[in-house]
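# Structural overview
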Amino acid sequence: MLRRRTVGDVMTEEVVTLRPNTPFQEVAALLDANDIAAAPVVDDNGVPVGVVSASDVLRHETGMPDPQGQEGNDERAWGKARARVAGALMSSPVFTARADWTIPRAARELRRRHVKQLPVIGDDGLLTGIVSRSDLLDAFIRSDVEIRGEVEQDVLGRILGMDEGTVAVEVRDGDVTLRGHVPEPRLIPVVVGLCQGVDGVVTVDAHLAAAG
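Definitions and limits used
- Residues numbered from 1 in each chain as written.
- Predicted model: local features only at pLDDT ≥ 70, side-chain atom pairs only at ≥ 80, totals over all residues.
- Heavy atoms only, no water.
- Pairing = 2+ DSSP bridges.
- Helix = DSSP H or I, 4+ residues; strand = E, 2+ residues; numbered from the N terminus.
- Axes fitted to C-alpha atoms, helices over the stretch in contact; angles between N-to-C directions.
- Left-handed = near helix turned anticlockwise from the far one by under 90°.
- Contact = heavy atoms within 4.5 Å.
- Nonpolar A, V, L, I, M, F, W, Y, C, P; charged D, E, K, R; others polar.
- Buried < 20%, exposed > 50% of the residue type's maximum accessible area, 1.4 Å probe, protein only.
- Polar contact = N/O pair within 3.5 Å; in protein donor to acceptor, adjacent residues only side chain to side chain.
- Arc of directions from axis to C-beta.

### What to know about the sheet that holds strand β4 (residues 117–121)
Sheet architecture is open: three strands sit in the order β3-β4-β5, paired in mixed fashion. Each end of this open sheet is capped by a strand with a single partner; those strands are β3 (97–98) and β5 (127–132). When β4 meets β5, the two strands line up antiparallel, connected through five bridges. Paired with Gln-117 across the strands is Ser-132, a residue of β5.

### Quick word on the packing of helix α6 (residues 103–113) against helix α7 (residues 133–140)
Where α6 contacts α7, the axes come no closer than 10 Å and their chain directions differ by 145°. Handedness of the crossing formed by α6 with α7: left-handed. Taken together, the residues of α7 that come into contact with α6 (itself represented by Ile-103, Pro-104, Ala-106, Ala-107 and Leu-110) are Arg-133, Leu-136, Ala-139 and Phe-140. Here the contact of α6 with α7 is composed, by residue class, of eight nonpolar, no polar and one charged.

### A word on the sheet that holds strand β8 (residues 203–210)
Pairing within the open sheet is mixed, and its three strands lie in the order β6-β7-β8. Strands with a single pairing partner mark the edges of an open sheet, and in this sheet they are β6 (167–172) and β8. The mean angle between the axes of side-by-side strands here comes to 5°, regardless of whether they run parallel or antiparallel. Here six bridges tie β6 to strand β7 (residues 175–182), and the two strands are oriented antiparallel to one another. Bridging from a neighbouring strand, Arg-172 pairs with Asp-175 of β7.

### Some points on the side chain of Thr-22
You can see Thr-22 is positioned in the loop between α1 (7–10) and α2 (24–33). Classification of Thr-22 as buried rests on a relative accessible area of 8%. A polar contact of 2.9 Å, which involves the side chain of Thr-22, links it to the backbone nitrogen of Arg-19. Apart from residues no more than four positions distant in its own chain, Thr-22 is found in contact with Val-27, Arg-84, Val-85 and Ala-86.

### Observations regarding the environment of Ile-147
Summarising the element assignment, Ile-147 is placed in helix α8 (residues 144–159). Counting along the chain gives 23 residues from Ile-147 to Glu-170, while the straight-line C-alpha distance between them is 9.5 Å. Excluding anything up to four places from it in sequence, Ile-147 contacts Arg-142, Val-171, Gly-174, Val-176, Val-198, Asp-199, Gly-200 and Val-201.

### A few points about the environment of Ala-28
For Ala-28, the position within the fold is in helix α2. When the C-alpha positions of Ala-28 and Ala-54 are compared, they lie 7.9 Å apart, and in sequence the two are 26 residues distant.

### Considering unusual backbone geometry
Looking along the chain, the bond that leaves Ser-92 and enters Pro-93 is cis, with omega of 5°. Considering the arrangement of structural elements, one finds Pro-93 in the loop between α5 (86–89) and β3. One non-glycine residue, Asp-35, lies in the positive phi region at around 50°. Tracing the chain through its elements places Asp-35 in the loop between α2 and β1 (38–42). The phi angle at His-114 is positive, at roughly 60°, despite the residue not being glycine. Here His-114 is to be found in the loop between α6 and β4. Residue His-114 is classed as exposed on the basis of its relative accessible area of 69%.

### Quick notes on α6
Buried residues of α6: Ile-103, Ala-106, Glu-109 and Leu-110, and no others. All buried residues of α6 fall inside an arc of 125° around its axis, so they share one side. Opposite the buried face of α6, at more than 90 degrees from it, the exposed residues are Arg-108, Arg-111 and Arg-112. Taken together, the buried residues of α6 touch α1, β4, β5 and α7. Just downstream of α6, His-114 is the residue with a positive phi angle, here 60°.

As structure tokens, this is what we get:
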């Protein structure tokens, strides 16, 4: 079957990390210098224990729990506004992902948790990377040439064993159009389903018939 890209394929492996005792000024400087929106906080063993985001830093710099005043009665938010180290500034518990997760699964988790990035951990619980919304979005923004190549080589060639040129493939802005013949009528929905499973495909328009 098709190999679906995973979190491990798109995550950032060289992660800027913080320690619970990292001073606030150093936290702010690291986020700014590396142009990142958040950084995981890890313990002495490298296990993620929280995440500090740019919004956490903004809360601190404005001296308010929420710069827009929406969380004024939240004591935890007020604590972040007064934080002096990453451990007091971070959001915890930390929600994590695994490298073998599919892109859609990670996207759903980001949405469910209302976060913009997830630290990625291995079987030992140690940090192995970080994946963001933009990483997941980039996975679906593929060139038409890449999509056409995967459809022709993997779907039609490797999986279904069809001869080259049996089915003509056209891809425009992620919309795939198929024209040609397949050995049996029952293969038509199979071809369509496999093409729909290719990362970056928006729609599949099949003009296929069984070979007479």
